[in-house]
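# Architecture and fold: a report
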Amino acid sequence: MSTMTSPADGAKPIDVAAATAKLLGATSGNMVTYLQSCVHCGQCAAACHFYQATKDPRHTPALKLRPMLKAHRAKSSPLAWIGLAPALTERDLRETEDLIFDTCTMCGRCTQVCPMGIDVASIVQISRQAYAAAGLGPSDLMAAADASRDKGSPLGLTPEKLEERIEWLADENEVDIPLDKAKADVLLTVSSIETMKYPSSIVAMAKLMNHAGVNWTFSSKGYESTNFGYLAGNTSVARVMIERIVAATAATGAKTVVIPECGHAFGVMRYAAANILGRPLPFEVRHITEYLADLKRQGRLRLKPMADAFTYHDPCQISRRGGATADARYLLDGFATDFREMSPTGNFNWCCGGGGGVQAMGRAADVRHKVFKIKMDQVEATGANTLISACSNCRLTMDESKAHYHWPHEIGSLVEILADHLDDTARPAAAAE
Amino acid sequence: MDLLDFARGPALQIGLYVFAFGVAFRLASLLLLPRLKDLSAARKGAPGAVVASGREIIRRMWPQSVYAEATRFTTINGYIFHLGLAIIVFLGTPHILFLKGLIGVSWPGLPTNIINGVAVITFLSLIAALVHRLQSPVLKAISTANDYITWLVTMLPVATGLLAISHLGWRYETLLAVHILSIAVFLIWFPFGKLMHAFLIFLSRGTTGAHLAHRGAQL
């Protein structure tokens, strides 16, 4: 029996049965509890940047539970027992596709406000797998996942290009950037956004690692930490990307994998990877801000004071959902003399609007720009001219909207300002870990 | 058998059985599902699942200050009718006597005029909740039949209770019978609709508490 359905308007046929099977596969007590718990109070809308930016009730996060809930009710509910529970339809999937992909960054603000504690981001992540199985999802997001598998990175950064790029950056900036070192304590990974659009971040990370005397390396076997397989709902690609980093770590003997300035890369490798592989990771995973904070605590990071006024955007997967909110502040403490917190900040900060792969979806550009108005207001209220972040994806999202609005503020990277203020006169002795 | 006998007898009994078995079935069907074991390394110093769940159940009793303004009406009005219902059910003398018949123990109740006052406030609070649901574009968009049926079966015992104590409309015995029947309907609907949140709240809050505390996320 064919499960493919094709609408009359000639749109690509989709596999409703495959989506239903994926949604019904989410049978853990965790997910089913969430599905059954929503009391439709609507408080999640107050926390969602897509609702706040558009005031469109369709963007109420509670509605993102509905497709999965409908699939479950059609299988097991009192109405299903008497054959009256409607099944999930192609129309349901098509009409909600944008709610699952374009207008959810899985930022977790709605979870914070939900009186029932429902983790909508977890539901959306599994729903994306179902929609992808049906053949739905933004084509550019799906293409980024495929490019990750086939070329090594979503932006086409092949191992050869990585090697060229590193060689060029090392020469241009007179900094040692090790690649494929035989033995290293730390494997540093990249986000292809940095490599292709913000290469100064790669140089900054290298300078900081070298300054602290860390025995580190990049690896051409596994370098891309942004996991578009995960974001696109393509678990097989997600697994491939994780396995590459696991293999690269094993090859160098590293005990620590450091994720660069990318929030979702951190969230996936730090918390999802072991669950996707079905086994614990044999190394620790640290975000670059966490790792640099460790170095600072050990007295291995000496910085010259920075007097420029700036504010900090918390990447959702590092702060709110990552548990590393304090480390960025610790790095700034005693170094940035005019650091101004925005409001709300830390765990409650507004999302940039481009997380969860939304940045890669061309058709979501308009709604991203609307969301950025929230960030512009936050920044302007601080009086600071510069906005920095510890996520290159947030940075790219914000840079694009900055250009869209001709916003006259600077947007930068935490790692880069730290590297720019290294105090090499008081350089700590090279310390092997 | 007159209407009052029917309400006090078979109707209430059926309501209690459906409530007890329905709630037990739904909870068992959830608790017997496998729980996801998080294989990622817990953040150093993260509390265990039980402690984290307990903390989150308590912490979410009031919204974080960032969300206080946006959630003010729902939170305050929600507390008014939830507490109102609890006071009426557990501290109204006729209800205590009914509960004594069920579980064998009793406790002192509040004076009738106080209970009546609480019932009026609860009635008005439930009206406000419905008006809010009908006026808010967000609530209109996300509301289903479940929300309106649940509102109705919650409102009916309050409204019929008020009519009974006011001796308005029918004679007292008929009003009392209708009041008891409305409670039977409430109990029958309980396991099928969103009234189940009275139990599910502990499971969903606890699940998220354990999930995010593992990461060291401060909710």
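First, a word on scope: everything that follows refers to the structure included in this document. (Residues numbered from 1 in each chain as written. Chains lettered and ligands numbered in written order. Predicted model: local features only at pLDDT ≥ 70, side-chain atom pairs only at ≥ 80, totals over all residues. Heavy atoms only, no water.)

Okay, the overall build of chain B next. Counting its secondary structure elements, chain B contains nine helices and zero strands. For chain B, the sequential pattern of α-helices and β-strands runs α-α-α-α-α-α-α-α-α. A fraction of 71% describes how many contacts in chain B between residues 6 or more apart in sequence connect residues 24 or more apart. Looking at chain B as shown, the accessible area adds up to about 12000 Å², and 73% of this sits on carbon and sulfur atoms. (Helix = DSSP H or I, 4+ residues; strand = E, 2+ residues; numbered from the N terminus. Contact = heavy atoms within 4.5 Å. Areas by Shrake-Rupley, 256 points an atom, 1.4 Å probe, with all protein chains shown as cover.)

Right, let's talk about the interface of chain B and chain A for a bit. By a widespread convention, an interface's size corresponds to the accessible area lost as its parts come together. Taken together, the contact between chain B and chain A spans 48 residues of the former and 56 residues of the latter. Run the count over chain B and chain A and you get one salt bridge. Between Arg-43 of chain B and Glu-290 of chain A there is a salt bridge, with the nearest N and O atoms lying 2.8 Å from each other. Joining chain B to chain A, the criterion identifies 25 residue pairs in polar contact (both at pLDDT 80 or more). Per-element accounting of the side of chain B that touches chain A gives the leading share, 10 residues, to helix α9 (residues 197-213) of chain B. When the residues that make up the side of chain B that touches chain A are grouped by side-chain class, the tally is 22 nonpolar, 14 polar and 12 charged. (Salt bridge = Lys/Arg side-chain N within 4 Å of Asp/Glu carboxyl O. Polar contact = N/O pair within 3.5 Å; in protein donor to acceptor, adjacent residues only side chain to side chain. Nonpolar A, V, L, I, M, F, W, Y, C, P; charged D, E, K, R; others polar.)

So, about the pairing of strand β7 (residues 310-313) of chain A. Residues and elements named next belong to chain A. Along β7, one buried face is formed by Phe-310 and Tyr-312 and the opposite face, lined by Thr-311 and His-313, is buried too. Examined bridge by bridge, β7 and strand β8 (residues 386-389) share four bridges and lie parallel to one another. Paired with Tyr-312 across the bridge in β8 is Ile-388. (Buried < 20%, exposed > 50% of the residue type's maximum accessible area, 1.4 Å probe, protein only. Pairing = 2+ DSSP bridges.)

Right, let's talk about the packing of helix α2 (residues 49-59) of chain B against α9 of chain B for a bit. Residue and element names in this part refer to chain B. Contact pair α2 / α9: the axes reach a minimum separation of 7 Å and the direction vectors enclose 125°. One finds that α2 runs oblique with respect to α9. Judged by the twist between their axes, the crossing of α2 over α9 is right-handed. Contacts between α2 and α9 involve Ala-49, Ala-52, Ser-53, Glu-56 and Ile-57 from the first element and Phe-202, Arg-205, Gly-206, Gly-209, Ala-210 and Ala-213 from the second. Tallied by class, residues from the contact of α2 with α9 come to six nonpolar, three polar and two charged. (Axes fitted to C-alpha atoms, helices over the stretch in contact; angles between N-to-C directions. Parallel < 35°, antiparallel > 145°, perpendicular 65-115°, else oblique. Left-handed = near helix turned anticlockwise from the far one by under 90°.)

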